[in-house]
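# Observations on the model geometry
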Amino acid sequence: MKGKKGIKDTETARLLFALSSLGELIQDAISAGEVRESVRSSLYRIMGAMPTSRGAVFTLEENGILTPIASKGVTAHLRKDIRLDPSSIAKLSKIKNTIIGERKGQPIFAWARGSGLVEDGGEILIPLQAKGRLIGLLIVGRKFGGEVYTKRDRELLTAMAHSLAVNLYNYRLFQELVRTNEELRKKIDENRRLYENLEGIYHDTIKALAAAIDAKDPWTKGHSDRVARISVAIAREMKLPEEDVRAIHIASHLHDIGKIVTETNILTKKGKLTPEEYEEIKRHPVTSYEILSKIRFPYPDVALLTRHHHEWVNGSGYPDGLKREDLPLGSRIIAVADAFDAMISDRPYRSALPLEKTLRNFLDYARRQFDPEISAVLMRILKKELNGEIPSPDIVPLLKDNFDPCYIVDFLDKIIETLLNN
């Protein structure tokens, strides 16, 4: 169930993140400031074409408020919001493609003068409409010298007002987009928090299960967590896709889950294993696969990665004797991490190996047991950590301080060159 929920949340989070990014791109391309500037430029062009020194553009909000979006040369009254009652909005909405002038006996213009929308003789008031809705008003003052607006002036104003209305309509759409985008952001944040909580619980469960496995053998306490740290460090250094990194993280934590059915006396035996006991140990990768293949993980091939973590690249490993080209990359990574931790850790049959001896083993067993390229990546990470190039090291804290860092760094250079060139 957790795997299924993880997939759903991952896809949802990606979808919401894509939608949010789209909203941000739109906001960058069509900002409120740019729309206002466009409306202001349109108003100035209209005023210059008449010409006149007074003009204002209002956008009509859903609550009946006329909000000035651009103005020039008008009184303070026309630079503030003006509330229109429903009857006034109805009057203006009925006017279709008509310019209202100072013709005597025109009731709507008398109303506009009484409302303070027009102030002196010779002014023009034009309702701006788009998609059959009143979306704003254009007010143009009297012409210079008191000239009368001609029929041609009115026709030009009608055409320019239509363009202005389209611009205002876009502004309205932009405002709605901003509101919607803000709501979307809140949903994204909420979904991200829920997803992070879910993912945290999920990984805590994985770690708890791995700890339970390690607890069966006191010699390997913490082994699964260390292998996971090393495996993820290698995967990230190789710049694998995040989905693959997460699959490797889970598989490396659970790679030894099959040992849960192995006899404890075999796991903790200090002497050499009998052939029968060794065959029992060799069953744990298949058991791990059988257990994990019944779980629907949110990341690919987790069970398969655990099955093949004891294969050798030359085909002499177990359980299936696969060669390098047939092994999943994640399994080859876990195999390197698993072997490295086993070498630098105490085991019932031997003490932890010195770091130099461990590194020589990787050089000796390259192309037989370990993938040389992945081994070189591990060496490169270790070199970076020793040089302080990685602020939060994953491998160095696992080592015992019984080596000379300068010598080891030089030695690592030689190993990396050998692994990649031979």
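For the structure itself, look to the data block above.
A brief report on the enclosed structure follows. (Residues numbered from 1 in each chain as written. Predicted model: local features only at pLDDT ≥ 70, side-chain atom pairs only at ≥ 80, totals over all residues. Heavy atoms only, no water.)

## Brief notes about the packing of helix H14 (residues 372-386) against helix H15 (residues 405-421)
Relative placement of two packed helices is described by the angle separating their axes and the distance separating the axes. Counted only if it meets this: Between the N-to-C directions of two axes lies an angle of 0 to 180 degrees, each axis being a line fitted to C-alpha atoms and, for a helix, fitted only over the stretch in contact. By definition, any uninterrupted DSSP run of H or I lasting at least four residues is a helix, any uninterrupted run of E lasting at least two residues is a strand, and each is numbered from the N terminus. Should an angle lie under 35 degrees it is considered roughly parallel, over 145 roughly antiparallel, and from 65 to 115 roughly perpendicular; all remaining angles are considered oblique. Throughout, a crossing is termed right-handed when the near helix is turned clockwise from the far one, and left-handed when it is turned anticlockwise from it by less than a right angle. The contact criterion used is simple: two residues touch if any of their non-hydrogen atoms lie within 4.5 Å. Residues are grouped as follows: Ala, Val, Leu, Ile, Met, Phe, Trp, Tyr, Cys and Pro are nonpolar; Asp, Glu, Lys and Arg are charged; every other residue, Gly included, is polar.
Running from amino to carboxyl end, H14 crosses H15 at an angle of 160 degrees, the nearest separation of the two axes being 9 Å. The pairing of H14 with H15 is recorded here as roughly antiparallel in orientation. Considering how the two elements wind past one another, H14 and H15 form a crossing that is left-handed. In this structure, H14 contributes Pro372, Glu373, Ser375, Ala376, Met379, Arg380, Leu382, Lys383 and Leu386 to the contact, and H15 contributes Ile408, Val409, Leu412, Asp413, Ile415, Ile416, Leu419 and Leu420. Residue classes in the contact of H14 with H15 are distributed as 12 nonpolar, one polar and four charged.

## Description of the layout of surface pockets
Rules: Residues are said to line a cavity or pocket when one of their atoms sits within 4 Å of a point; the points come from a 1 Å grid over protein atoms alone, cavities being sets where a 1.4 Å probe fits but cannot get out and pockets being open sets with protein on both sides within 12 Å along at least five of seven lines. Grid points are joined across faces, edges and corners, and a volume is the space filled by probe spheres set on the points.
Estimated volume of the largest pocket: approximately 1,100 Å³. Taken together, 35 residues line the largest pocket, and the ones lying closest to its centre are Tyr278, His310, Tyr318, Arg347 and Tyr349. Sorting the residues of the lining of the largest pocket by element identifies helix H8 (264-267), helix H9 (275-282), helix H12 (329-344) and helix H13 (355-365) as the ones contributing at least two each. Looking at the lining of the largest pocket element by element, the count peaks at five residues for H12. Considering only residue class, the lining of the largest pocket consists of 16 nonpolar, 10 polar and nine charged.

## Quick notes on helix H6 (residues 223-237)
Put simply, the rule is: To estimate the expected span of a helix, subtract one from its residue number and multiply by 1.5 Å. Exposed residues in this analysis have more than 50% of their type's maximum accessible area, buried residues have under 20%, and partly exposed residues fall in between, with area computed by a 1.4 Å probe over protein chains only.
Given a rise of 1.5 Å per residue, 15 residues ought to cover 21 Å, and the 21 Å separating the end C-alpha atoms of H6 matches this to within 8%. Among the 15 residues in H6, 12 count as buried, and that is most of the element. Listed as buried for H6 are His223, Ser224, Arg226, Val227, Ala228, Ile230, Ser231, Val232, Ala233, Ile234, Ala235 and Glu237. Note on H6: the residue one or two positions beyond its end, Lys239, has a positive phi of about 60 degrees.

## Quick word on the pairing of strand S1 (residues 55-60)
Operational definition: Should DSSP find at least two bridges between two strands, the strands are taken to pair.
Most of S1 is tucked away: six of the six residues are buried. Every second residue of S1 is oriented toward a common face, with Gly55, Val57 and Thr59 on one face and Ala56, Phe58 and Leu60 on the other, all of them buried. For S1 and strand S2 (residues 65-72), the ladder comprises six bridges, and the chain directions are antiparallel. The residue bridging Leu60 from the neighbouring strand is Leu66, located in S2. Counting the residues in the hairpin turn of S1 and S2 gives four residues, including Gly64, whose phi is positive at 85 degrees. As paired strands, S1 and strand S5 (residues 133-140) are joined by five bridges and run antiparallel to one another. Across the sheet, residue Gly55 finds its bridge partner in S5, namely Val140.

## Comments concerning the sheet that holds S1
Read across the sheet, five strands follow the order S3-S2-S1-S5-S4 without closing on themselves; strand pairing throughout is antiparallel. Each end of this open sheet is capped by a strand with a single partner; those strands are strand S3 (82-83) and strand S4 (124-130).

## Section: the packing of aromatic side chains
Spelled out, the test is: Between the rings of Phe, Tyr and Trp (Trp by its six-membered ring), a pair exists once the centres lie within 6.5 Å; its type follows the angle of the planes, with under 30 degrees stacked, over 60 edge-to-face, and the other angles tilted. By definition here, charges over rings are those cases where NZ of Lys or CZ of Arg is within 6 Å of the ring centre and within 35 degrees of the ring normal.
This model, assessed by the stated rule, comprises five aromatic pairs. Here Tyr278 and Tyr318 contribute two aromatic rings whose centre-to-centre distance is 6.5 Å and whose plane-to-plane angle is 80 degrees, an arrangement assigned as edge-to-face. In this pair, Tyr278 is assigned in helix H9 and Tyr318 in the loop between helix H11 (302-307) and H12, connecting sequence segments 40 residues apart. On the accessibility criterion, Tyr278 (40% relative accessible area) is partly exposed. Feature note: the residues Phe340, Phe362 and Phe370 constitute an aromatic cluster, connected by ring pairs. The aromatic ring of Tyr44 is capped on one face by Lys72, whose charged end is 5.0 Å from the ring centroid.

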